[in-house]
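# Secondary and tertiary structure notes
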Amino acid sequence: MRAFWPDYTMMIFAMGLVTFIPRWLPLLFLSRRDLPQWLVDWLDFIPVAILSALLAPLLVTSGPLPHLDFQRIELVAALPTFGVACWTRSLGVTVLAGMFSFWLLGLFWPI
Amino acid sequence: MPPSIASSVLGRGLSAAWPICLGYLPIGMALGVLGQKAGLHPLAIGFMSLVVFAGSSQFIAVSMISSGMPAFTIVITTFVVNLRHLLMSSALAIPFRGRSRSVLTLFAYGVTDESFAVNYPKLLEGDWHIEHALVVNHAANLTWIASTVAGGYGGQYIPEGAFGIDYALIAMFICLLVFQLRGKIYLVTAILGGALAVGLALVLPSNWHIIVASTLAAVCGASIKRYYRRLSS
């Protein structure tokens, strides 16, 4: 097994650099000036937009070449998880409730 | 900083970070197992987690390494997959106005989907400062590095899917999305973002669907908000 070889190390540093730059430049420059109102408005909707864009494909698509799939435990378990999130508004409780629902449904899947 | 304040910053940061850490454990271990199968030493996997610290791109990189792809292709793919953090850092720039460049640089290293989603609403509420947010970032970072290394050394002995832990991150996204539904326009934006992301995920490679869908959905949300503001003024 190869531990560290120069090519690997160089590649990792390059990967780190191209990952860091998009994380760094907006923080550095946008935090130093007055932003126009339209940009502030747009950025205010980024979190909700990005979370739903991250989440939805995890619930209703499957496979390495993604295709629509509505018969997923992930989707069914999302319903009680969503309910617990609205009801408790606690991240920790929701995560535990989601894990429990997913585990429980997995025992009986496919229904 | 007196010890009592320091410990309360640490305590509050860690109590916000633990759901992320719980979610990272199984994913990090899975990455470690795959990396080891791809011929990487567990410490080489840990080195990647330390330098890159971006889960989904690391999975893609490991699978590309094992299929013998050239390094240049792997680096370009990593860039595209992680470009979405550009949007998160832009949003974070508003609560972090005027902070020193060195603190922002340290913070930038730890911007991930999960830490962003935990920190951002708390920063908007106030009573949550960059120090708390840094504790969240670094607790998540340490857990990630440790779990990928642990996976490389012994992950294959852990039964798959134990305790439903594979669902931890999805449950976290669901809860954080609920926190973000602060009104009708946010709900519309969420539905639009989700629908667009699913549609685009079927046709676009790597993580482009996340970037395109969230950019467009946020444009719609902001346009609706501005339309109503103009109506009422």
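Not measured: the values here are computed from a predicted model. (Residues numbered from 1 in each chain as written. Chains lettered and ligands numbered in written order. Predicted model: local features only at pLDDT ≥ 70, side-chain atom pairs only at ≥ 80, totals over all residues.)

Here we take up helix 2 (residues 37-60) of chain A. Residues and elements named next belong to chain A. Counted at 1.5 Å a residue, the expected span for helix 2 with its 24 residues is 34 Å, and the 35 Å between its end C-alpha atoms agrees. Approximately 35° is the largest bend angle found in helix 2, and it occurs at I46, with the proline P47 only one to four residues beyond. The buried fraction of helix 2 amounts to 19 of the 24 residues, a majority that puts the element mostly inside the structure. (Helix = DSSP H or I, 4+ residues; strand = E, 2+ residues; numbered from the N terminus. Expected span 1.5 Å × (residues − 1). Bend = angle between axes of the 7 residues up to and from the residue. Buried ≥ 20, exposed ≤ 12 C-beta atoms within 10 Å, placed from the backbone.)

Let's shift gears to the interface of chain B and chain A. Put simply, an interface is often sized by how much accessible area is lost when its parts join up. Opposite the 84 residues of chain B that make contact, chain A presents 63 residues. Across the side of chain B that touches chain A, the residue classes break down as 57 nonpolar, 20 polar and seven charged. (Contact = placed C-beta atoms within 7 Å. Nonpolar A, V, L, I, M, F, W, Y, C, P; charged D, E, K, R; others polar.)

A few words on the confidence of the model for chain B. On average, residues of chain B score 89 in pLDDT, and 94% of them are at 70 or above. Across the interface, the model reports ipTM at 0.86; the global pTM reads 0.81. (pLDDT = per-residue confidence, 0-100.)

Once that is clear, we can look at the packing of helix 3 (residues 73-88) of chain A against helix 4 (residues 91-108) of chain A. Each packed pair of helices is defined by two parameters, the angle between the axes and the distance between the axes. Residue and element names in this part refer to chain A. Running from N to C, helix 3 and helix 4 cross one another at 150°; their axes reach a closest spacing of 9 Å. For the element pair helix 3 / helix 4, the angle class is roughly antiparallel. The element helix 3 and its partner helix 4 pack so that their crossing is right-handed. Residue-level inspection shows I73, V76, A77, P80, T81, V84, A85 and T88 of helix 3 in contact with helix 4, the latter providing V93, T94, A97, G98, S101, F102, L105 and G106. The residue inventory of the contact of helix 3 with helix 4, partitioned by class, reads 10 nonpolar, six polar and no charged. (Axes fitted to C-alpha atoms, helices over the stretch in contact; angles between N-to-C directions. Parallel < 35°, antiparallel > 145°, perpendicular 65-115°, else oblique. Left-handed = near helix turned anticlockwise from the far one by under 90°.)

Residues other than glycine seldom take positive phi values, yet A:R89 does so here, at roughly 50°. Position of A:R89 among the secondary structure elements: in the loop between helix 3 and helix 4. Positive phi values are uncommon outside glycine, yet B:D127 reaches one of about 55°. The residue B:D127 is located in the loop between helix 7 (113-125) and helix 8 (130-154) in this model. Residue B:D127 is classed as exposed on the basis of its C-beta count, with 8 C-beta atoms lying within 10 Å.

Once that is clear, we can look at the domain arrangement of chain B. Residues and elements named next belong to chain B. Split into domains, chain B comes out as domain 1 (3-160) and domain 2 (181-233). The C-alpha centroid of domain 2 is placed 25 Å from the C-alpha centroid of domain 1. Across the boundary between the two partners, domain 1 contributes seven residues, which contact five residues of domain 2. The element that contributes the greatest number of residues to the side of domain 1 that touches domain 2 is helix 4 (residues 71-82), accounting for three residues. Residues that form the side of domain 1 that touches domain 2 fall into these classes: four nonpolar, two polar and one charged. (Domains from an automatic or database assignment.)

Orientation of helix 1 (residues 6-30) of chain A relative to helix 2 (residues 42-51) of chain B, taken along the N-to-C sense of each, is 25°, at an axis distance of 9 Å. If you check the angle between helix 1 of chain A and helix 2 of chain B, you find them roughly parallel. Relative to helix 2 of chain B, helix 1 of chain A is oriented so that their crossing is right-handed. Contacts between helix 1 of chain A and helix 2 of chain B involve A:Y8, A:I12, A:F13 and A:G16 from the former and B:A44, B:F47, B:M48 and B:V51 from the latter. In terms of residue class, the contact of helix 1 of chain A with helix 2 of chain B is made up of seven nonpolar, one polar and no charged.

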